[in-house]
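Structure at a glance
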Amino acid sequence: MFSAKASLLLSLCASGALAFTPPARLDIPLLLSPGGRPMMGVGMSSGQVQNFNFTFTTSLGYTAVAGDGCQDCSGTSLYDMTKSSSAKSLTGQSVMSLGNGTFKGSLMKEDCQIYISNGSSWAYPNQTVMLMNSQSQDAPFEQSISGLLGLGTLKKPTNAAGFSASFDDGLYGQYYIRNPDASNFTFGLDLKPSPVIPGTGSSLTIGPNAKSLADSNVGTVHWLAPDPSAYQSDKVQWRQVQDSVTSGYLANNTQPDLTVQLDKWTATVGNNQVGQSNILVNVDPYYPGIYMPMQQARLIHDAISSSQQVSHSTIPGQTNAWTVPCNTQFQFAVVIGQQSFSIDQSVLVVKQDDGTCFSIIEGFTDSSVTQYIFGQTFISQLYVIFNIPKDGTAIVGFAPRSVSSSQSRDIGAIVGGTVGGVAGVVALGLLAFFLIRRRQDNTFFKRAAEIEEEHKVASTVEPYTFGQNLVVHQDPLQSPPAHPHAPLLGLHDAGPSGVAPPSYEEASESGLSSPRTFPRDSKMTYRRDTLMSVGSPPESPNQTNFSGSSAV
């Protein structure tokens, strides 16, 4: 009897030891490219790692990089397949469209890694990658952007990119192959507004007060788990991805596979209010603004006195913008379940060099487009969580940001531990004093409460306000940046011994610290002649718990 119980206990212990452990959150810092798009650091190949700036999109599930044979690429670093010991060529050619841009090239398998805030990396090997050799004017591979990380799911097999792509060709499918006991892949977007304004060229136009922001922080991707301190977890509104949508999106573009249906939007201009219910929305930080069917966009701008539709756009060839009086007062709100997310003219109205003001709400010129795109600036006003399960339907969560405070989040990260320790000691001392002098007034308890509140304030998030001065808080224990626009990304190389970066099994999903980080040169590629300490380690892991309204 005893032996049977012992055997069962050992069996249970063994199975528990082999169970999948939810990964710790990793913080991927995002910088602003000179062209106005958010970008992250990505390393490619084993052995001699090649480092690049990638922008990202939720509208595609593919990864693409500009190859050294690209004749249409300028001002950016190019990938050289001959220098990689892990790249494997695949048969076939691929053509992809994103917005009004197209790009094409051959296919390959390659090992990749994303760099995180403390200088380590998250490895994701065996990715199906397009080696891009040509692009149109409106494609993203320019002004320091070398690659595109697709965060779409590819759960619906497609030939839209010129090859038979399935879930296993994307980032999530490979994650589940490496982690067969995992059931969810989750990430959260904590972004700042885009400085891009409507323009007339094929490249994006950056507002006059934001041109100096290139290479500055524009947010964080909370990778593998959302950051519970960044949003109000009890108010998350979940929506299921609409898998059956096949029409109503941009011409020549693949239907995004993270499309969700939201309750409605409303716009209030003075005493006038317009709106639309049951809208299909694609939430994608690749795009800077808010985009809707032309008829709906006209409803809003017709209510604004002296507004005028113009050819300016942030998706050239696909949308038109409106000029509006610079003193325009209006609000745009999106209702999702029990939450209403509202933004006003401080975000909705932007100014160009000559003093002309534009609305960031644009209308699609193609009347057959019935869907919406909510881009970086809209995302910056809330916290968005994407959950892609191994089986079943993906869901997207929308939550209010954490309560604002007078202290920035960066300061909280630096001084939070110190303040917490002091507050704890003071609290214990005050409690002992009270037990001795319980008849005296409660002034000390009030002060203890104030100290505790100060600690909370130092640890909470301050939402970014468009147009405010950006301040990068440097850890006093670390080396100062090499120059005013030194990147926050930590990038490690193979070192003089030529040792390959750690494999997934060696590094684990929580990343492996790297001893070296490097600033970038005039093309914003990574120099290896200067050491630089950056970032701080991610917070302790917590298992992701989803709360709030159920998906609909």
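Residues numbered from 1 in each chain as written. Predicted model: local features only at pLDDT ≥ 70, side-chain atom pairs only at ≥ 80, totals over all residues. Heavy atoms only, no water.

With that settled, the discussion passes to the overall build of the protein chain. Each helix and strand in the protein chain was counted, giving eight helices and 25 strands. For the protein chain, the share of sequence-separated contacts (at least 6 apart) that also reach a separation of at least 24 residues comes to 73%. Working note: accessible area of the protein chain is about 23,700 Å², and carbon and sulfur atoms make up 51% of it. (Helix = DSSP H or I, 4+ residues; strand = E, 2+ residues; numbered from the N terminus. Contact = heavy atoms within 4.5 Å. Areas by Shrake-Rupley, 256 points an atom, 1.4 Å probe, with all protein chains shown as cover.)

Our focus in this paragraph is the environment of N282. Tracing the chain through its elements places N282 in strand β15 (residues 272-283). Under the relative-accessibility criterion, N282 is labelled buried at 2%. Spatially, the C-alpha atom of N282 lies 4.8 Å from that of T259, the residues being 23 residues apart in sequence. Of the polar contacts made by the side chain of N282, one reaches the side chain of Q371; its length is 3.1 Å. (Buried < 20%, exposed > 50% of the residue type's maximum accessible area, 1.4 Å probe, protein only. Polar contact = N/O pair within 3.5 Å; in protein donor to acceptor, adjacent residues only side chain to side chain.)

Our next topic: the nonpolar core. Of all hydrophobic cores here, the largest spans 83 residues; its most connected members are W223 and F332. Ranked by residues supplied to this core, first place goes to strand β14 (residues 260-269) with five residues. Of all hydrophobic cores here, the second largest spans 27 residues; its members include L60, C73, M132 and Y286. (Core = buried A, V, L, I, M, F, W, Y, C linked by side-chain atoms within 4.5 Å.)

Moving on: the state of the cysteines. Enumeration according to the criterion identifies two disulfides in this entry. Between the sulfur atoms of C70 and its disulfide mate C73 the distance is 2.1 Å. Taking the sign of the torsion about the S-S bond as the criterion, the disulfide between C70 and C73, at about 80°, is right-handed. Here the bonded cysteines of the protein chain are numbered in sequence order, and their pairing is 1-2, 3-4. (Disulfide = S-S within 2.5 Å.)

Looking now at empty space enclosed by the protein. If you walk through the whole model with that rule in mind, you get five cavities of 30 Å³ or more. Partitioned by chemical class, the residues of the lining of the largest cavity number nine nonpolar, eight polar and three charged. (1 Å grid on protein atoms, 1.4 Å probe; cavity = no way out; pocket = protein on both sides within 12 Å on 5 of 7 lines; lining within 4 Å. Points joined across faces, edges and corners; volume = space filled by probe spheres on them. Nonpolar A, V, L, I, M, F, W, Y, C, P; charged D, E, K, R; others polar.)

We now examine the pattern of salt bridges. With the rule as written, the count across this model stands at five salt bridges. The salt bridge partner of D227 is R25, with a shortest N-O separation of 3.7 Å. Taken as a pair, D227 in the loop between β12 (217-223) and β13 (237-240) and R25 in the loop between α1 (2-18) and β1 (26-32) lie far apart in primary sequence, 202 residues in all. Assigned by exposure class, D227 and R25 land together as buried. Note that K109 is salt-bridged to D169, the shortest N-O span being 3.9 Å. Pair noted here: K109 is in strand β6 (residues 101-115) and D169 is in the loop between β8 (147-150) and α2 (171-178), with a separation of 60 residues, a long-range link. For the pair formed by K109 and D169, the shared burial category is buried. (Salt bridge = Lys/Arg side-chain N within 4 Å of Asp/Glu carboxyl O.)

Take α2 next. For an α-helix the count is 3.6 residues per turn, leaving residues at separations of three or four pointing the same way. The buried fraction of α2 amounts to seven of the eight residues, a majority that puts the element mostly inside the structure. Within the sequence span of α2, burial applies to L171, Y172, G173, Q174, Y175, Y176 and R178.

Working definition: an aromatic ring pair is given by the centre-to-centre distance plus the angle between the planes. Overall, the coordinates contain 20 aromatic pairs when judged by the stated rule. A centroid spacing of 5.0 Å and a plane angle of 15° characterise the contact between F187 and F386, whose relative ring orientation is stacked. With F187 in strand β9 (residues 184-191) and F386 in strand β24 (residues 383-389), this pair connects stretches of sequence that are 199 residues apart. A single burial state applies to F187 and to F386, both of which are buried. A centroid spacing of 6.3 Å and a plane angle of 90° characterise the contact between F332 and F374, whose relative ring orientation is edge-to-face. (Phe/Tyr/Trp six-rings, centres within 6.5 Å; stacked < 30°, edge-to-face > 60°.)

A separate point is helix α3 (residues 294-302). Inspection of α3 places M294, Q296, A297, I300 and H301 among the buried residues, and these make up the whole buried set. Along α3, the residues classed as buried sweep out an arc of 160° about the axis, all on the same side. Exposed side chains of α3 directed beyond 90 degrees from the buried face belong to Q295 and D302. (Arc of directions from axis to C-beta.)

On to the environment of L224, then. Along the polypeptide, L224 turns up in the loop between β12 and β13. Counting along the chain gives 199 residues from L224 to R25, while the straight-line C-alpha distance between them is 5.4 Å.

On to the pairing of strand β16 (residues 290-293). Note: β16 against strand β22 (residues 357-364), four bridges, orientation parallel. Residue pairing across strands places Y291 opposite E362, the latter belonging to β22. (Pairing = 2+ DSSP bridges.)

Relative to the helices and strands, T58 is located in the loop between β3 (50-57) and β4 (63-66). The residues contacting T58, other than those within four sequence positions of it, are L151, G152, D257, L258, V283, D284, P285 and F386.

If you check the backbone angles, S144 has positive phi at about 85° while not being a glycine. Looking at the secondary structure, you find S144 in the loop between β7 (121-135) and β8. For S306, which is not glycine, the phi dihedral falls at a positive 70°. Residue S306 is classed as exposed on the basis of its relative accessible area of 63%.

Turning our eyes to something else, we now look at the confidence of the model for the protein chain. Detailed reading of predicted coordinates is not advised where the pLDDT is low. For the protein chain, mean pLDDT is 77; residues scoring 70 or higher make up 68% of the total. The low-confidence segment residues 405-426 (pLDDT under 50) makes 37 contacts with residues lying over four places distant or belonging to another chain. Between residues 431-552, whose pLDDT stays under 50, and residues either more than four places distant or in other chains, the model counts 240 contacts. (pLDDT = per-residue confidence, 0-100.)

This part covers the side chain of Q50. Mapped onto the fold, Q50 is located in strand β3. At 2.8 Å, the side chain of Q50 forms a polar contact with the backbone oxygen of D80.

Among the seven residues of β1, seven are classified as buried, and the element is accordingly described as predominantly covered. Burial along β1 is two-sided: the face carrying L26, I28, L30 and L32 and the face carrying D27, P29 and L31 are both buried. Note that β1 and β12 share six bridges and pair antiparallel. Within β12, the position partnered with L31 by the bridge is N217. The pairing of β1 with strand β2 (residues 38-44) spans two bridges and is classified as antiparallel. Along β2, the bridge assignment pairs L32 with P38.

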